[in-house]
Amino acid sequence: MITKDIDTVAPAAPVPVADEPPQRPGKRKRAWDEAPRWQIYVPLGIYLLFTLIPFYWILLFALRKPGSTSLVPWPMTFEHFEKVWNERSFGTYFENSVYVGVATLFMTTLVALAGGYALARFDFKIKRAFMLALLCSQFVPGALLLVPLFQIFAELQMINSLGSVIIAETVFQLPLSMILISGFIRNVPYSLEEAAWVDGCNRFTGFRVVVLPLLRPGLIAVGSFAFVHSWNHFLFALMFLSNQDKQTIPVGLNSLMSADSVDLGALAAGGIIAAVPVVIVFAFIQKWLITGFSAGAVKG
């Protein structure tokens, strides 16, 4: 019979007892958790107040009756909206702005997508110099190039054409758009394209099937800014368009102001008409916009 000496058995290691249970992720105390709530809500309230007062003032002038000095737009009237839309040709301005904005969006996105892919996936001798030139072009104001652009469009017989505004807007949006899209493409692993090539896809098909769906947030971010910039830009439309039926909303708003008087009600109504499409666009794409900027800011 085999016996075992109990004294020779090594004692078990003591189990350490934690003084405090480990904190869950996200439950750690942060600096602003210890601050009084009023130090957060008061600055935010002041900022919100300064932001909302101008919007309320515009709505007040646009909705109250002409000649009224009330601080409450009641009874409301849509007379100013009817005036600017029918008598001031804002319906035509709106159509022209939509055409310019949508065309600029598609042209900027397509060209920037091709250029951004070349910058992200190919190496060539003047790549760094080209990137530097793209960055430096952002410091050149558009007003400096109005004269040469006007001469070029005059030679091409494109003055007083919406095409001249679309081309000018696209050219000025391309440098930053190409840089942003190249950053988005670099975040897509190159091995995904190589796997598509192994499966029999060519470069274009692999890009369309594998890379392009992953660039949706970045493309929406770039395209939305191209649309908003062309929608709000005043200088090119003023210089290249002379006929009233070709002008855009920023030029139409400027026509409501004269040297002698300003129709505040009509101007406020026109400003609301100009702002509503942009607000609607950002309301629908805000999720994609935030995702796009997050994808472009994180190195993958």
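Residues numbered from 1 in each chain as written. Predicted model: local features only at pLDDT ≥ 70, side-chain atom pairs only at ≥ 80, totals over all residues. Heavy atoms only, no water.

A separate point is the environment of Phe61. Turning to its location among the elements, Phe61 is positioned in helix H1 (residues 38-63). Taking the C-alpha atoms as reference points, Phe61 and Ala269, separated by 208 residues in sequence, lie 7.8 Å from one another. Excluding its chain neighbours within four sequence positions, the residues that come into contact with Phe61 are His80, Leu264, Gly265 and Ala268. (Helix = DSSP H or I, 4+ residues; strand = E, 2+ residues; numbered from the N terminus. Contact = heavy atoms within 4.5 Å.)

Quick look at the confidence of the model for the protein chain now. Confidence in the prediction for the protein chain averages 80 pLDDT; 83% of positions are at 70 or higher. The least confident element of the protein chain is helix H12 (residues 264-297), whose mean pLDDT is 75; the most confident is helix H3 (residues 90-121), at 91. Throughout residues 1-10 the model reports pLDDT below 50, and contacts reaching past four residues in sequence, or to other chains, amount to one contact. Across residues 296-300 the pLDDT falls below 50, and counting only partners more than four positions away or on other chains, this stretch makes six contacts in the model. (pLDDT = per-residue confidence, 0-100.)

On to the side chain of His80, then. Here His80 shows up in helix H2 (residues 79-87). Not counting chain neighbours up to four residues away, the residues in contact with His80 comprise Phe61, Ala62, Arg64, Lys65, Pro66, Gly265, Ala266 and Ala269.

With that settled, the discussion passes to the packing of aromatic side chains. This structure, assessed with the given rule, holds 13 aromatic pairs. With a centroid separation of 5.2 Å and 80 degrees between ring planes, the pair formed by Phe153 and Phe240 is classed as edge-to-face. Residue Phe153 is found in helix H5 (residues 146-155), and its partner Phe240 is found in helix H10 (residues 235-240); the two are separated by 87 residues along the sequence. With relative accessibility at 4%, the residue Phe153 sits in the buried group. For Phe240, a relative accessible area of 1% corresponds to the buried category. On the numbers, 5.2 Å between centres and 50 degrees between planes, the contact of Phe172 with Phe236 is tilted. In this pair, Phe172 sits in helix H6 (residues 162-186) while Phe236 sits in helix H10, placing the two residues 64 residues apart along the sequence. For Phe236, a relative accessible area of 1% corresponds to the buried category. Grouping aromatic residues by their ring pairs yields a cluster made of Phe150, Phe153, Phe172, Phe236 and Phe240. Positioned over the ring face of Phe61 is Arg64, at 4.6 Å from the centre of the ring. (Phe/Tyr/Trp six-rings, centres within 6.5 Å; stacked < 30°, edge-to-face > 60°. Buried < 20%, exposed > 50% of the residue type's maximum accessible area, 1.4 Å probe, protein only. Lys NZ or Arg CZ within 6 Å of the ring centre and 35° of its normal.)

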